[in-house]
Amino acid sequence: MTGSCVRALSRAYRTTTVGLATALVVGLALVAAPNQSATAASPPGASAQTSANTSAQTSTHTTKKKKKKSRGLRALRRVKSQAGDPYSYGGNGPHAYDCSGLTQWVYKKLGRKLPHSSSAQVSHTFKVKKPRKGDLVFFYGSGGVYHVGIYAGKHDGRRWVWHAPRSGETVKKDPIWTDSHFIRRVKH
């Protein structure tokens, strides 16, 4: 009887030791490589339940990357925050603007320097085939560029612009009213 008891205790000890060793190896594998599957790190003889539990733990430790908003969308958010501010000749914010002062203020908040003149801002941009929200819209006539705004995209089949139109008006979004315009992107 004593021999059988010793053998039973010996088997129980080995099973417990293997189980503890397995748990230790799986735990260390998770710490060393949290993004790898725990089932790949499980040694032979590990139970399916242990592998499933460690896989669930691994998936909770992965982090999601936030998608960074484009500079154009950040420009739109900035210009929308100034909606309703009055036009002021020579104004460059933060509570009154002329057209180029508005675009200058918006892009300054995004880390880009632009001069305070719509015609001078053209040289700080480059030509694009497909305009994106946040690009600059330049309006021109026989005397050259006379107005600038921020492209707001297409809605209802029309192109729209955020701008500080003229004296007596406020910063707002309007449909582009003329074909005498071009759209360019601020240089990086």
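The following refers to the structure shown. Owing to the predicted nature of the structure, the values given are computational and were not obtained by experimental measurement.

### Regarding the environment of Ser 88
Of note, Ser 88 is situated in the loop between helix 4 (71-80) and helix 5 (99-109). Sequence separation between Ser 88 and Glu 169 is 81 residues; the distance between their C-alpha atoms is 9.1 Å. With sequence-adjacent residues up to four places away left out, Ser 88 is seen in contact with Ala 96, Tyr 97 and Asp 98.

### Here we look at the sheet that holds strand 2 (residues 136-141)
Taken in spatial order, the 6 strands line up as 1-6-2-3-4-5 in an open sheet, and their pairing is antiparallel. In this open sheet, the two edge strands, each paired with only one partner strand, are strand 1 (125-127) and strand 5 (172-175). When strand polarity is set aside, the average angle formed by the axes of neighbouring strands in this sheet is 45°.

### Examining a positive patch on the surface
Taken together, the side chains of Lys 69, Arg 77, Arg 78, Lys 108, Lys 109 and Lys 113 present a region of like positive charge at the surface. Listed by contribution, the elements that provide at least two residues to the positive patch are helix 4 and helix 5. Position of Lys 69 among the secondary structure elements: in the loop between helix 3 (48-61) and helix 4.

### Let's talk about the nonpolar core
In terms of nonpolar packing, the biggest core is built from 22 residues, with Val 79, Leu 102, Val 106, Tyr 107, Leu 136, Ile 150 and Trp 162 touching the most fellow members. Going through the elements one at a time, helix 4, helix 5, strand 2, strand 3 (144-155) and strand 4 (158-163) are the ones with two or more residues in this core. For this core, the leading source of residues is helix 5, giving 5 residues. The residues contacting Leu 102, other than those within four sequence positions of it, are Val 79, Gln 82, Tyr 97, His 163, Ala 164 and Val 171.

### Remarks on the packing of aromatic side chains
Inspection of the entire model under this criterion finds 4 aromatic pairs. Ring geometry for Tyr 140 versus Phe 182: centroids 5.9 Å apart, planes at 35°, classification tilted. Linking Tyr 140 in strand 2 with Phe 182 in strand 6 (residues 181-186), this pair joins segments that are 42 residues apart in sequence. Owing to a relative accessible area of 35%, Tyr 140 belongs among the partly exposed residues under this scheme. Using a relative accessible area of 26% as the deciding quantity, one classes Phe 182 as partly exposed. Grouping aromatic residues by their ring pairs yields a cluster made of Phe 138, Tyr 140 and Phe 182. Lying over the aromatic face of Trp 160, Lys 173 brings its terminal NZ or CZ to 5.6 Å of the ring centre.

### Side note on the pairing of strand 3
Pairing between strand 2 and strand 3: 6 bridges, direction antiparallel. Bridge pairing in strand 3 links Phe 138 to Val 148. Where strand 2 folds back onto strand 3 in an antiparallel hairpin, the turn is made up of 2 residues. Pairing analysis gives 5 bridges linking strand 3 to strand 4, with the strands arranged antiparallel. Opposite Tyr 151, over in strand 4, you have Val 161 as the bridge partner. Counting the residues in the hairpin turn of strand 3 and strand 4 gives 2 residues, including Asp 156, whose phi is positive at 55°.

Criteria and cut-off values
Residues numbered from 1 in each chain as written. Predicted model: local features only at pLDDT ≥ 70, side-chain atom pairs only at ≥ 80, totals over all residues. Heavy atoms only, no water. Helix = DSSP H or I, 4+ residues; strand = E, 2+ residues; numbered from the N terminus. Contact = heavy atoms within 4.5 Å. Pairing = 2+ DSSP bridges. Axes fitted to C-alpha atoms, helices over the stretch in contact; angles between N-to-C directions. Patch = residues over 30% accessible without salt bridge, like charges linked within 9 Å, V, L, I, M, F, W, Y side chains within 5 Å. Areas by Shrake-Rupley, 256 points an atom, 1.4 Å probe, with all protein chains shown as cover. Salt bridge = Lys/Arg side-chain N within 4 Å of Asp/Glu carboxyl O. Lys, Arg positive; Asp, Glu negative; His and termini not counted. Charge placed at Lys NZ, Arg CZ, Asp CG, Glu CD. Core = buried A, V, L, I, M, F, W, Y, C linked by side-chain atoms within 4.5 Å. Buried < 20%, exposed > 50% of the residue type's maximum accessible area, 1.4 Å probe, protein only. Phe/Tyr/Trp six-rings, centres within 6.5 Å; stacked < 30°, edge-to-face > 60°. Lys NZ or Arg CZ within 6 Å of the ring centre and 35° of its normal.

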